[in-house]
Amino acid sequence: MPSFSNTYLREANLIGGMWVAADNRKTLNVDNPATGDIIGTVPMAGQVETLRAIDAAHEAFASFRHTTANERAGILRRMHDVMMDNQKELAELLTTEMGKPLAEAMGEIAIGANYLTWFAEEGRRVYGDIVPSPWADRRLMVRHEPVGVVAAITPWNFPSSMLARKIGPAIAAGCTSVIKPAESTPYSGLAWGLIAAEAGLPDGCMNIVTGDAPEIGKAMCASKKVRKITFTGSTKVGKLLMQQSAETVKKVSMELGGNAPFLIFDSANVDKAVEGAIAAKFRNSGQTCVCTNRFFVQDGIHDEFVEKFTKAAEALKVGNGAEDGVQQGPLINQAALDKVQVLVKDALDKGAEVVSGGDVIGGLFYKPTVLTGATDDMRFATEEIFGPVAPIFRFKGEQDAVDAANNTDYGLAGYVYTADLGQAFRVIEGLEYGLVGVNEGVITTPEAPFGGFKESGVGSEGGRQGIEEYLQTKYVCLGGLGF
């Protein structure tokens, strides 16, 4: 029995509408990163269970693809209502297995539910075309159809909302799915099976397997019945999945790593920049793909920004996310903590200075840290920190900042603070990033596309573009009309 009681905690996999164990009866422990306590276990499934889940999704697709857009929208709206009616319990489950503050977890459940309603409506607006024909006796049409069985692989840092961005458009388009949540945070993924069942999604339309990530991923990529892979996670794993999917030429969506720059110009409102910087850096303890990885601050306001930013960072309350008022929780595991410490040591060895923080509080908790004197030979200039460390680079000219921001293989999110409208447009157009926030530090919303340039990914989630990733286009030439 799990040591943590929650209506939506399920210690089994969902295949064809049945909650089942792994065939070998092996399990994985799931712990609470804030306390180290074991929450419970999940099945250690592999290739055999994944193939069975794919078969179930393939069988369900035969009928689900013919449901109407309005019927599918109704399911998504009911799923939204289930989530919001049980928002706190779902958030408590998320905080317990992932560690983020409860307030952030509540927000994650809410935005996930909002993705469902967004795609409920987008699914009703998948329009075809009548194309003017060059032949008098033929009529030309274009229609959009569901791509088929979707394999969705999601990370631990947003274990609920990352699935919403995949489940929403998949259901709206008429696709069925096989889902693999992250090993560290499987319960928020498994909870989707209960949410979907309560909302009336037919058996087999959503299948969820946990366990051996490489084996599950290989099975998904090799199966001809899976027509699309959607993955959020590291660029390294994304590249591997793309390679493995090439043999069957699947459609792919990849939301991969980032190296987000945060550019602050002399004309910026420093207080607003500090507010945005805190949100863009320390949200989820710095463990998001759009978190700021590098701060570039212009000479004229550098010292003022550092002083105010440091004061704001030191005011953050660190602790167990389940406790009132906590703003920063633990890192997800020891490996994440070790990486942060290695990157900070590397920076210090190369001349950076710690203005605040720079050490472990205890357990997996790391102090919000501000470093100055950052240079491009330090590892965090090219590697994701994925932790609460804010390195500050000083710059002189506008083009210097843009060039430095673009000096990376990644291109997911970037942030700009300036009061100069012309400068804002020049920098927007100069940045090689899929998402750009101007004078705002948190910009993600279901209404807008989410996707990166370069090695940060392929395709978009959210916006009207999000559902296109789950559709395929069919051209029909209709002749023999007797004209």
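Thresholds, definitions, all that
- Residues numbered from 1 in each chain as written.
- Predicted model: local features only at pLDDT ≥ 70, side-chain atom pairs only at ≥ 80, totals over all residues.
- Heavy atoms only, no water.
- Helix = DSSP H or I, 4+ residues; strand = E, 2+ residues; numbered from the N terminus.
- Rg over C-alpha atoms; globule rule 2.2 N^0.38 Å.
- Contact = heavy atoms within 4.5 Å.
- Patch = residues over 30% accessible without salt bridge, like charges linked within 9 Å, V, L, I, M, F, W, Y side chains within 5 Å.
- Areas by Shrake-Rupley, 256 points an atom, 1.4 Å probe, with all protein chains shown as cover.
- Salt bridge = Lys/Arg side-chain N within 4 Å of Asp/Glu carboxyl O.
- Buried < 20%, exposed > 50% of the residue type's maximum accessible area, 1.4 Å probe, protein only.
- Disulfide = S-S within 2.5 Å.
- Pairing = 2+ DSSP bridges.
- 1 Å grid on protein atoms, 1.4 Å probe; cavity = no way out; pocket = protein on both sides within 12 Å on 5 of 7 lines; lining within 4 Å.
- Points joined across faces, edges and corners; volume = space filled by probe spheres on them.
- Nonpolar A, V, L, I, M, F, W, Y, C, P; charged D, E, K, R; others polar.
- Axes fitted to C-alpha atoms, helices over the stretch in contact; angles between N-to-C directions.
- Parallel < 35°, antiparallel > 145°, perpendicular 65-115°, else oblique.
- Left-handed = near helix turned anticlockwise from the far one by under 90°.
- Phe/Tyr/Trp six-rings, centres within 6.5 Å; stacked < 30°, edge-to-face > 60°.
- Lys NZ or Arg CZ within 6 Å of the ring centre and 35° of its normal.
- Expected span 1.5 Å × (residues − 1).

### Some points on the overall build of the protein chain
Scanning the protein chain for helices and strands turns up 14 helices and 24 strands. For the protein chain, whose C-alpha radius of gyration is 23 Å, the value lies close to the compact-globule estimate of 23 Å for 483 residues. A principal-axis box enclosing the C-alpha atoms of the protein chain has dimensions of 75 × 65 × 40 Å. A fraction of 73% describes how many contacts in the protein chain between residues 6 or more apart in sequence connect residues 24 or more apart.

### A few points about a nonpolar patch on the surface
Together, Ile 130, Met 141, Leu 478, Leu 481 and Phe 483 make up a nonpolar patch on the protein surface, roughly 510 Å² of accessible area in all. Locating Met 141 in the fold gives a position in strand S6 (residues 139-146). With relative accessibility at 31%, the residue Met 141 sits in the partly exposed group.

### Looking at the state of the cysteines
The full count for this structure, using the stated rule, is zero disulfides. Free of any disulfide, Cys 175 has its nearest neighbouring cysteine sulfur in Cys 205, separated by 10 Å.

### Quick look at the pairing of S6
The pairing of strand S5 (residues 129-131) with S6 spans three bridges and is classified as antiparallel. Bridge assignment links Asp 129 to a residue of S6, and that residue is Val 142. Direction of pairing for S6 relative to strand S24 (residues 471-478): antiparallel, over a ladder of eight bridges. By the bridge assignment for S24, Val 142 is matched with Tyr 475.

### Overview of the layout of surface pockets
Empty space among the atoms becomes visible once a probe the size of a water molecule is rolled across them. Considered as a void within the structure, the largest pocket measures approximately 990 Å³ in volume. Secondary-structure elements contributing two or more residues to the lining of the largest pocket are helix H7 (213-222), strand S10 (226-232), helix H8 (235-245) and helix H11 (334-349). The biggest single contributor to the lining of the largest pocket is H8, with six residues. Here the second largest pocket defines a volume of roughly 340 Å³. In this structure, the second largest pocket is lined by 17 residues; those nearest its centre are Ile 111, Phe 158, Ser 161, Arg 283 and Thr 444. Elements with a contribution of two residues or more to the lining of the second largest pocket: helix H4 (102-122) and helix H5 (161-173). Considering each element in turn, the lining of the second largest pocket owes the most residues, five residues, to H4. For the lining of the second largest pocket, the residue count by class is eight nonpolar, four polar and five charged.

### Quick look at the packing of helix H12 (residues 398-406) against helix H13 (residues 421-430)
One can describe the packing of H12 onto H13 by two numbers: an axis separation of 10 Å at closest approach and a directional angle of 25°. The angle between H12 and H13 places the two elements in the roughly parallel class. The element H12 and its partner H13 pack so that their crossing is right-handed. Along the contact surface, H12 presents Glu 398, Val 402 and Asn 406, while H13 presents Gln 423, Arg 426, Val 427 and Gly 430. Its residues assigned to classes, the contact of H12 with H13 comprises two nonpolar, three polar and two charged.

### So, the sheet that holds strand S12 (residues 260-264)
If you trace the seven strands from one edge of the open sheet to the other, you get S14-S17-S18-S13-S12-S20-S21, paired in mixed fashion. The open sheet has two edge strands with one neighbour each: strand S14 (353-356) and strand S21 (435-438). Each strand axis lies, on average, 25° off the axis of its neighbour in the sheet, ignoring direction. Bridge count between S12 and strand S13 (residues 292-298): five bridges; the pairing is parallel. From the neighbouring strand, Ala 260 faces S13, where its bridge partner is Thr 292. Packed onto the sheet, helix H10 (residues 302-314) meets S12, S13, S14, strand S17 (369-372) and strand S18 (389-395) and runs at close to 175° relative to S18.

### Topic: the packing of aromatic side chains
Enumeration over the complete set of coordinates arrives at 11 aromatic pairs. On the basis of an interplanar angle of 75° and a centroid distance of 6.4 Å, the ring pair of Phe 380 and Phe 393 is categorised as edge-to-face. Separated by 13 residues along the polypeptide, Phe 380 in the loop between S17 and S18 and Phe 393 in strand S18 bring together distant segments of the chain. Phe 393 carries the same exposure label as Phe 380, and that label is buried. Taken together, the aromatic side chains of Phe 262, Phe 282, Phe 295, Phe 305, Phe 309, Tyr 415 and Tyr 417 make up a single cluster linked through ring pairs. When the ring centre of Trp 135 is taken as reference, the NZ or CZ atom of Arg 138 above it lies at 4.0 Å. The lysine or arginine in question, Lys 228, covers the ring of Tyr 470, its NZ or CZ lying 4.8 Å from the ring centre.

### Notes on the packing of helix H2 (residues 69-85) against helix H6 (residues 186-199)
Running from amino to carboxyl end, H2 crosses H6 at an angle of 120°, the nearest separation of the two axes being 8 Å. What the angle tells us is that H2 and H6 run oblique. The handedness of the crossing between H2 and H6 comes out as right-handed. Contact residues: Ile 75, Arg 78, Met 79, Val 82 and Met 83 in H2; Trp 192, Ile 195, Ala 196, Glu 198 and Ala 199 in H6. Residues of the contact of H2 with H6, tallied by class, amount to eight nonpolar, no polar and two charged.

### Describing the sheet that holds S24
Read from one edge of the open sheet, three strands run S5-S6-S24, paired in antiparallel fashion. Only two strands of the sheet have a single partner each, and these edge strands are S5 and S24. The average angle at which neighbouring strand axes cross in this sheet is 25°, direction not considered.

### Notes on H4
Compared with an ideal rise of 1.5 Å per residue, which puts 21 residues at 30 Å, H4 spans 30 Å between its outermost C-alpha atoms and is within 8% of the ideal. All of the buried residues in H4 are Ala 105, Glu 108, Ile 109, Ala 110, Gly 112, Ala 113, Tyr 115, Leu 116, Phe 119, Ala 120 and Glu 122. On its buried face, H4 is in contact with H2, helix H3 (87-98), H5, H6 and helix H14 (465-468).

### Some points on the pattern of salt bridges
Summed over all chains, the structure comprises 26 salt bridges. Asp 23 is the salt-bridge partner of Arg 52, the closest N and O atoms lying 2.8 Å from each other. With Arg 52 in helix H1 (residues 47-64) and Asp 23 in the loop between strand S2 (18-20) and strand S3 (27-31), this pair connects stretches of sequence that are 29 residues apart. The exposure class of Arg 52 is partly exposed, given its relative accessible area of 35%. With a relative accessible area of 46%, Asp 23 lands in the partly exposed category. Put simply, Asp 349 and Lys 345 hold a salt bridge, and the shortest N to O gap is 2.9 Å. Of this pair, Asp 349 and Lys 345 both sit in helix H11, separated by four residues, roughly a single helical turn. Residue Asp 349 shares its accessibility class with Lys 345, and that shared class is exposed. Shared partners join several salt bridges into a network, and the residues in it are Arg 65, Arg 143, Glu 145 and Lys 474.

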